[in-house]
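What follows is the residue order along each chain.
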Amino acid sequence: MGETSPAFAEPLPVGQLYFPSRKKFRQAFEGIFKRRFFTNHGPLVTKLDQEVAGYLGVRHAVCVTNGTVALMAACKALDLSGSVIVPSFTFPATVQALVWAGLEPIFCDIDYNTHCINYKQVLPLIRNDTSAILGVHVWGRPCDTDSLDRLSGKTGVKIFYDACHAFGVSHKQKKIGNFGELEIFSFHATKILSSAEGGCITTNNDELASRLRTIRNFHSAYTEAVSPLRINGKMTEAQAALALISLDQHQAHVVNNKKQWLRYVQRLDNLPGLRIVKFNDRETQNYQYFVCQINENEFGISRDQLLQVLQAENIQARRYFYPAVHRLEPFASRFRDLMLPETEKLCREVIQLPLGGRCSLSAVDKVSKTICRARYHSAKLKKYFSHKSLLISQ
Ligand code: T4K
């Protein structure tokens, strides 16, 4: 506070944003140009399907254009109908994909401690027409898969997972990608495994995998199974080339992420009013996100006010997820009276800080210092914000 230039000369983004080296990029693309084979299940996509499956220790990985298409294809492969239970505390694509697949979302509250849905919240929402539960492993912290499996066994309702945050993460000493009927991943540039845009569906069920491979391509030449509806979900060779480099670098990216993540913990743990979202250190993590919750009373200013302070310093922290999906159109008008108290509370508190390829340890130090100073000057800032809002209301 009081300084004239922001902490960062250029905006510091959130998201993994790991770029391959120019050399690797050129090598990978040279092959594509030599073969003159750009898409339709070329050698690189075939290799990626195999390498992702191998890395996750799952029988099948079906790579597609993006995570949203992966979800849409998953719904069709599972032959879902009627309604699907889904958290509102997720990226809108999770729910939009259900609607594109002709399904009705039933919004479920999350467990405030884990940020994921659980058995207790899901059970009362199951209706006669409910065909599935779509859990989201938020921040890479897995849903309680055991209790959801038991629920599935008792009710016949299928379970599948949006694992977009959890590539490379283990759960019960097994890689995510092996749970439920199937799991889906996003390979967007902001994710740890990146093909710029891309995604994948993993399953241990051979029949389901044949259906998924059939759905991914609208062309009858690629038919492995009878499927109700197909789509163009083909990943291009260019996307696969990027993803293969990214997979090769995965461990190095996790190590870099972890260093930055631990540095934040070192700088911010025990700051009153700020609670860090932590991981189970007995399992493998990808440290894709550094997320914390701001308690306004203890921190002195609200999460949104802290966000403004950070933005003024060119720190593009984000309030993932905000607003909750049931507060966004096309759902908001239909679900106006729906109360999801844990979700709403979390949506007011959560803040994601920069971490990944565009970040560094010194950047983490600067971001942390800005947050500590905001906490220290919170009384002054609070006055500033209330004065500001007074002026706006006049
Ligand atoms: N389920 C979940 C739980 C998800 O999180 C997502 C996607 C999905 C499903 C759907 O998967 P996909 O269909 O997307 O594969 C981003 C991503 O677009 C999205 O993939 C991701 N989740 C979501 C959480 O984040 P935005 O709108 O926040 O991205 P954007 O453009 O604001 O970028 C973030 C920051 O990174 C900005 O500061 C700009 C910077 N940036 C971004 C890109 C793409 C760069 O510096 N370079 C870049 O190339 O959605």
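Let me begin by describing the structure that accompanies this report.

Evaluated as defined, the whole model comprises 18 aromatic pairs. Centre to centre, the rings of F89 and W139 are 6.2 Å apart; their planes meet at 75 degrees, and the pair counts as edge-to-face. One end of the pair, F89, is in the loop between β2 (83-87) and α4 (92-100); the other, W139, is in the loop between β4 (130-136) and α6 (145-155), and 50 residues separate them in sequence. The class of F89 is buried, set by a relative accessible area of 0%. Classification of W139 by relative accessible area gives buried; the value is 1%. Residues W139 and F321 carry aromatic rings whose centres are separated by 5.4 Å and whose planes lie at 5 degrees to one another, so their mutual orientation is stacked.

The local shell around the ligand holds 22 residues, among which T68, D162, R318, Y320 and R358 are the closest. For the ligand, an oxygen atom lies 2.8 Å from a polar atom in the backbone of G67. At a separation of 3.4 Å, a nitrogen atom of the ligand approaches a polar side-chain atom of T94. Protein burial of the ligand: of its 940 Å² of free accessible surface, 75% is covered by the chains. Elements that contribute at least two residues to the shell around the ligand include exactly α3 (67-77) and α4. Residue composition of the shell around the ligand, by class: seven nonpolar, eleven polar and four charged.

Attention now moves to the sheet that holds strand β12 (residues 350-353). Here we have three strands laid out as an open sheet, ordered β10-β11-β12, and antiparallel in their pairing. The sheet terminates laterally at β10 (274-276) and β12, the two strands that pair on one side only. Looking at each pair of strands side by side, their axes are set apart by 35 degrees on average, direction ignored. Sitting on the sheet, helix α11 (residues 303-312) is in contact with β11 (290-294) and β12, with an inclination near 25 degrees to β12.

Moving on to the packing of helix α2 (residues 43-56) against helix α8 (residues 237-248). For the pair α2 and α8, interaxial distance at closest approach is 8 Å and the crossing angle is 35 degrees. Regarding α2 and α8, the two cross each other, and that crossing is left-handed. On α8, the residues that touch P43, L44, V45, K47, L48, E51, V52 and Y55 of α2 are E237, A240, A241, A243, L244 and L247. When grouped by side-chain class, the residues that make up the contact of α2 with α8 number eleven nonpolar, no polar and three charged.

Our focus in this paragraph is the sheet that holds strand β8 (residues 183-186). If you trace the seven strands from one edge of the open sheet to the other, you get β1-β9-β8-β5-β4-β2-β3, paired in mixed fashion. The open sheet has two edge strands with one neighbour each: β1 (60-64) and β3 (104-108). Ignoring strand direction, the axes of neighbouring strands in this sheet form an average angle of 25 degrees. In this fold α3 packs onto β1, β4, β5 (158-162), β8 and β9 (199-203), with an angle of close to 165 degrees to the strand it touches most, β8. The strands touched by helix α7 (residues 206-215) are β1 and β9; relative to β1, the strand with the most contacts, the crossing angle is about 15 degrees.

The topology assignment puts D365 in helix α13 (residues 361-376). Spatially, the C-alpha atom of D365 lies 9.8 Å from that of L268, the residues being 97 residues apart in sequence. Here D365 is in contact with R263 and R267, once residues within four sequence places are set aside.

Our focus in this paragraph is the packing of α11 against α13. Relative orientation of the contacting elements α11 and α13 amounts to 130 degrees, with a least axis distance of 10 Å. Considered as vectors, α11 and α13 are oriented oblique to each other. Crossing of α11 against α13: the hand is right-handed. Together, L306, V309 and L310 of α11 and T370, I371 and A374 of α13 make up the contact between the two elements.

Moving on, we get to the nonpolar core. Of all hydrophobic cores here, the largest spans 92 residues; its most connected members are V52, W139, F187, F290, L353 and I371. Top element by residues in this core is α8. It accounts for seven residues.

Let's shift gears to the pairing of β5. When you tally the buried positions in β5, you get four out of five residues, the bulk of the element. With respect to chirality, the unit in which β4 leads through α6 into the neighbouring parallel β5 is right-handed.

Time to look at unusual backbone geometry. In this chain, Y320 is followed by F321 through a cis amide linkage whose omega measures -10 degrees. Along the chain, F321 falls in the loop between α11 and α12 (341-349). Each neighbour pair has its own omega, and for E329 with P330 the value is 10 degrees, a cis peptide bond. Examined against the element boundaries, P330 turns out to sit in the loop between α11 and α12. Look at H41: it is not a glycine, yet its phi comes out positive at around 55 degrees. When you line up the elements, H41 lands in the loop between α1 (22-35) and α2. One non-glycine residue, Q173, lies in positive phi territory at about 60 degrees. By secondary structure assignment, the location of Q173 is in the loop between β6 (170-171) and β7 (174-175).

The rules behind the values
- Residues numbered from 1 in each chain as written.
- Predicted model: local features only at pLDDT ≥ 70, side-chain atom pairs only at ≥ 80, totals over all residues.
- Heavy atoms only, no water.
- Phe/Tyr/Trp six-rings, centres within 6.5 Å; stacked < 30°, edge-to-face > 60°.
- Helix = DSSP H or I, 4+ residues; strand = E, 2+ residues; numbered from the N terminus.
- Buried < 20%, exposed > 50% of the residue type's maximum accessible area, 1.4 Å probe, protein only.
- Near = heavy atom within 4 Å.
- Polar contact = N/O pair within 3.5 Å; in protein donor to acceptor, adjacent residues only side chain to side chain.
- Areas by Shrake-Rupley, 256 points an atom, 1.4 Å probe, with all protein chains shown as cover.
- Nonpolar A, V, L, I, M, F, W, Y, C, P; charged D, E, K, R; others polar.
- Pairing = 2+ DSSP bridges.
- Axes fitted to C-alpha atoms, helices over the stretch in contact; angles between N-to-C directions.
- Contact = heavy atoms within 4.5 Å.
- Left-handed = near helix turned anticlockwise from the far one by under 90°.
- Parallel < 35°, antiparallel > 145°, perpendicular 65-115°, else oblique.
- Core = buried A, V, L, I, M, F, W, Y, C linked by side-chain atoms within 4.5 Å.
- Right-handed = clockwise from strand over helix to strand, strands pointing away.

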